[in-house]
Amino acid sequence: MLNSLTPQRAALLVFLVAFATIAGAWIFEYYGYAPCELCLKQRWAYYTGVPLALVVVLLAPRNPGLAKAGLTMLAVLWLASMVFGIYHSGVEWKWWPGPSTCTAQAGFSGGLPDLSKPAVLCDTPAIRILGLSLAGWNAVISLGLALVAFAGLRKIQGSSSVSQ
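Residues numbered from 1 in each chain as written. Predicted model: local features only at pLDDT ≥ 70, side-chain atom pairs only at ≥ 80, totals over all residues. Heavy atoms only, no water.

1. Section: the confidence of the model for the protein
Mean pLDDT over the protein works out to 83, with 83% of the residues at or above the 70 mark. Ranking the helices and strands of the protein by mean pLDDT puts helix H3 (residues 44-59) first, with 94, and helix H5 (residues 134-163) last, with 81. (pLDDT = per-residue confidence, 0-100. Helix = DSSP H or I, 4+ residues; strand = E, 2+ residues; numbered from the N terminus.)

Written as structure tokens, this is what we have:
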């Protein structure tokens, strides 16, 4: 299925899935699942990737060079987002320490919280769905988005090597 994606369709799929994912995060937040510091940082990929994917969708048919550059940036962006999601998931599973500003060592002492510190801890997942936290799902979705971007990129490179 990924082999049949044109660059424009790959970018459109990235746009739609990334937009749906960030909208889902906002919905979870609206219903009381407050994001931690790392959750908010994971959203940066979406705030960058959604508009970039839309630009590629709109300009790819007329400019293969822009499509190639845009899909390359999207692939790298989503791979980085996947790595960050894995990092955050590892913090939640206590496989490695997270930032001291938002983990259990965040400075809560004497029963009263330090109000200068975040109230939502990064090492405590707000919810797990099918065994994965939202950070874990971010890693899975980001990998999928990277694969879609690579598929669209491969289609550009395959057509340029045939035409040479």
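Once you've had a look at it, read on.
2. A short note on the packing of aromatic side chains
Applying the stated criterion across every chain, the model contains 8 aromatic pairs. When the centroid spacing of 5.7 Å and the interplanar angle of 70° are considered together, the rings of Phe28 and Tyr33 count as edge-to-face. Accessibility expressed as a relative area gives 26% for Phe28, which makes it partly exposed. Arranged with centres 6.0 Å apart and planes meeting at 65°, the rings of Trp95 and Trp96 form a pair that is edge-to-face. Taken together through their ring pairs, the aromatic side chains of Trp93, Trp95 and Trp96 make up a single cluster. (Phe/Tyr/Trp six-rings, centres within 6.5 Å; stacked < 30°, edge-to-face > 60°. Buried < 20%, exposed > 50% of the residue type's maximum accessible area, 1.4 Å probe, protein only.)

3. Topic: a nonpolar patch on the surface
Residues Leu54, Val55, Leu58, Leu59 and Leu66 make up a contiguous nonpolar surface patch of about 370 Å² in total accessible area. Per-element tally for the nonpolar patch: the top contributor is H3, with 4 residues. Tracing the sequence through the fold places Val55 in helix H3. Given the relative accessible area of 38%, Val55 is considered partly exposed. (Patch = residues over 30% accessible without salt bridge, like charges linked within 9 Å, V, L, I, M, F, W, Y side chains within 5 Å. Areas by Shrake-Rupley, 256 points an atom, 1.4 Å probe, with all protein chains shown as cover. Salt bridge = Lys/Arg side-chain N within 4 Å of Asp/Glu carboxyl O.)

4. What about unusual backbone geometry?
Notably, Lys94 is not glycine yet its phi reads approximately 65°, a positive angle. Topologically, Lys94 is positioned in the loop between helix H4 (64-92) and strand E1 (128-129).

5. Focus: the layout of surface pockets
Quantified by volume, the largest pocket comes out at close to 500 Å³. Around the largest pocket, the lining comprises 31 residues; the ones closest to its centre are Ala25, Phe28, Leu134, Ala135 and Asn138. Among the secondary structure elements, those contributing two or more residues to the lining of the largest pocket are helix H1 (7-30), helix H2 (37-42), H4 and H5. Per-element tally for the lining of the largest pocket: the top contributor is H1, with 7 residues. A class-by-class count of the residues in the lining of the largest pocket yields 21 nonpolar, 7 polar and 3 charged. (1 Å grid on protein atoms, 1.4 Å probe; cavity = no way out; pocket = protein on both sides within 12 Å on 5 of 7 lines; lining within 4 Å. Points joined across faces, edges and corners; volume = space filled by probe spheres on them. Nonpolar A, V, L, I, M, F, W, Y, C, P; charged D, E, K, R; others polar.)

6. Things to note about the environment of Tyr46
Examined against the element boundaries, Tyr46 turns out to sit in helix H3. For Tyr46, a relative accessible area of 5% translates into the label buried. Sequence separation of Tyr46 and Ile22 is 24 residues, and the distance between their C-alpha atoms is 6.5 Å. Not counting residues up to four positions away in its chain, the partners in contact with Tyr46 are Ala18, Thr21, Ile22, Pro51, Trp78, Asn138, Ile141 and Ser142. (Contact = heavy atoms within 4.5 Å.)

7. Observations concerning the pattern of salt bridges
Evaluation of the coordinates by the stated rule reveals 2 salt bridges. Salt-bridge contacts for Arg43 lead to Glu29; the nearest nitrogen and oxygen are separated by 2.8 Å. Here Arg43, found in the loop between H2 and H3, pairs with Glu29, found in helix H1; they are 14 residues apart in sequence, far enough to count as distant. Judged by relative accessible area, Arg43 falls into the buried class, the value being 8%. The exposure class assigned to Glu29 is partly exposed, which follows from its relative accessible area of 33%. Where Lys41 meets Glu37, a salt bridge forms, and the shortest distance between an N and an O atom there is 3.3 Å.

8. Considering the side chain of Ser133
Following the sequence through the fold, Ser133 ends up in strand E2 (residues 132-133). Taking relative accessible area as the criterion, Ser133 reaches 1% and is therefore assigned buried. A distance of 2.4 Å separates the side chain of Ser133 from the side chain of Glu92, its partner in a polar contact. Apart from the residues within four sequence positions on either side, Ser133 is in contact with Ser89, Glu92, Pro125, Ile127 and Arg128. (Polar contact = N/O pair within 3.5 Å; in protein donor to acceptor, adjacent residues only side chain to side chain.)

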